[in-house]
Amino acid sequence: MIEVGNVLVHEDIIRNEFVCNLSKCKGACCIEGNAGAPLMDNETEILLEIYQDVKPFLSEEGIKAIESQGAFIKDIEGDWTTTCVDGDKECAFVTWENGIAKCGIEKAHEKGALKVDWKKPLSCHLYPIRVTYYPGFDVLHYDRWSICSDACSLGEKLKVPIYKFVKDPLIRAYGKEWYEQLEKAVNAL
């Protein structure tokens, strides 16, 4: 682990390479799994605030799921997650573009339709990094998932380490100075 401020960064994030390859995976991370995207407490309020702006970008199934269950639910561990279609299928905020699952929230953001400057839930933006929050510090780890094998191959081909692939979301989460400290720590290795 590398310590940067009050964040512990697993070395796999530095040593492994990753670049999303949507043409191969078709956005599988938005439609696979057994729960929606993990949400921070403040993100539930944001989802409520932006829902009407995001709604035109969503599928009928997603809208039905949100309007019957809400924009977010508690998972079996008691954590907030985005609602899924049919309980455990795709995230209700998915939009489809040429057979590829994309984030409807991100689409609304790109089109300038949101009242707030919010691209998507931080857990989605940071992927393949997952964060474990503890009182006083966070731990960042690499979430390996077989559906991302093409992203690993593309990352290796392009020689892009995970921490560089998720530079913008890391800066969103921890700030530019923190990211610069991470780069210094990596270079010191």
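Let me sum up the structure you'll find in this document. Here the structure is a predicted model, which means the values were calculated and not measured.

Cut-off values and rules
- Residues numbered from 1 in each chain as written.
- Predicted model: local features only at pLDDT ≥ 70, side-chain atom pairs only at ≥ 80, totals over all residues.
- Heavy atoms only, no water.
- Helix = DSSP H or I, 4+ residues; strand = E, 2+ residues; numbered from the N terminus.
- Rg over C-alpha atoms; globule rule 2.2 N^0.38 Å.
- Buried < 20%, exposed > 50% of the residue type's maximum accessible area, 1.4 Å probe, protein only.
- Contact = heavy atoms within 4.5 Å.
- Areas by Shrake-Rupley, 256 points an atom, 1.4 Å probe, with all protein chains shown as cover.
- Lys, Arg positive; Asp, Glu negative; His and termini not counted.
- Charge placed at Lys NZ, Arg CZ, Asp CG, Glu CD.
- Pairing = 2+ DSSP bridges.
- Axes fitted to C-alpha atoms, helices over the stretch in contact; angles between N-to-C directions.
- Polar contact = N/O pair within 3.5 Å; in protein donor to acceptor, adjacent residues only side chain to side chain.
- Parallel < 35°, antiparallel > 145°, perpendicular 65-115°, else oblique.
- Nonpolar A, V, L, I, M, F, W, Y, C, P; charged D, E, K, R; others polar.

1. Side note on the overall build of the protein
In step 1: Per the secondary structure count, the protein includes 10 helices and 8 strands.
In step 2: A globule of 189 residues ought to have a C-alpha radius of gyration of about 16 Å, and the protein, at 17 Å, matches this closely.
In step 3: With the C-alpha coordinates of the protein rotated into their principal frame, the extents come out at 50 × 35 × 35 Å.
In step 4: The proportion of buried residues among the 189 residues of the protein is 42%.
In step 5: Within the protein, residue pairs in contact and separated by at least 24 positions form 64% of the contacts whose partners lie at least 6 positions apart.
In step 6: Element-wise, carbon and sulfur atoms account for 48% of the exposed surface of the protein, whose accessible area totals about 10,400 Å².
In step 7: Taking the 22 positively charged and 31 negatively charged side chains of the protein as two groups, their mean positions are separated by 7 Å.

2. Points about the sheet that holds strand 1 (residues 2-4)
In step 1: Strand order in the open sheet formed by 4 strands is 1-2-8-7, and the pairing between neighbours is mixed. Whereas interior strands pair on both sides, the edge strands pair on one side only; in this sheet they are strand 1 and strand 7 (129-134). Ignoring which end each strand starts from, the neighbouring axes of this sheet average 25 degrees apart.
In step 2: Two strands pair when backbone bridges link them, and strand 1 and strand 2 (residues 7-9) are joined in this way by 3 bridges, in the antiparallel orientation. Bridge pairing in strand 2 links Ile2 to Val9.

3. Observations regarding the side chain of Ser123
In step 1: Position of Ser123 among the secondary structure elements: in helix 6 (residues 122-126).
In step 2: Among all residues touching Ser123, those that are not within four sequence positions of it are Ala37, Pro38, Ile129 and Arg130.

4. Things to note about the side chain of Asn21
In step 1: Tracing the backbone through its elements, the reader meets Asn21 in the loop between helix 1 (12-15) and helix 2 (22-25).
In step 2: Look at Asn21 and you get buried, because its relative accessible area is 14%.
In step 3: At 2.9 Å, the side chain of Asn21 and the side chain of Ser23 are in polar contact.
In step 4: Here Asn21 is in contact with Asp150, Ala151 and Leu154, once residues within four sequence places are set aside.

5. Remarks on the pairing of strand 6 (residues 100-103)
In step 1: As defined by bridge partners, strand 5 (residues 94-97) adjoins strand 6 across 4 bridges and the pair is classed as antiparallel. The residue bridging Thr95 from the neighbouring strand is Lys102, located in strand 6.
In step 2: If you look at the hairpin formed by strand 5 and strand 6, you'll find 2 residues sitting between the two strands, and Asn98 has a positive phi there, around 55 degrees.

6. A word on the pairing of strand 8 (residues 137-142)
In step 1: The sheet contact formed by strand 2 and strand 8 spans 3 bridges and is parallel. Looking at the pairing, Val9 lines up with Leu140 of strand 8.
In step 2: Relative to strand 8, strand 7 runs antiparallel, the two sharing 6 bridges. By the bridge assignment, Tyr134 is partnered in strand 8 with Phe137.

7. Points about the packing of helix 9 (residues 167-174) against helix 10 (residues 176-188)
In step 1: Axis separation between helix 9 and helix 10 bottoms out at 7 Å; the angle between their running directions is 125 degrees. Relative to helix 10, helix 9 is oriented oblique. For the pair formed by helix 9 and helix 10, the contact residues are Lys167, Leu170, Ile171 and Tyr174 on the first element and Lys176, Trp178, Tyr179 and Leu182 on the second.
In step 2: Looking at the contact of helix 9 with helix 10 residue by residue, the class counts come to 6 nonpolar, no polar and 2 charged.

8. A word on the environment of Lys115
In step 1: Topologically, Lys115 is positioned in the loop between helix 5 (104-110) and helix 6.
In step 2: Classification of Lys115 by relative accessible area gives exposed; the value is 61%.
In step 3: Put simply, Lys115 and Ile50 are 65 residues apart on the chain and 6.8 Å apart in space, counted from C-alpha to C-alpha.
In step 4: If we skip the residues at most four places from it in the chain, Lys115 touches Glu49 and Asp53.

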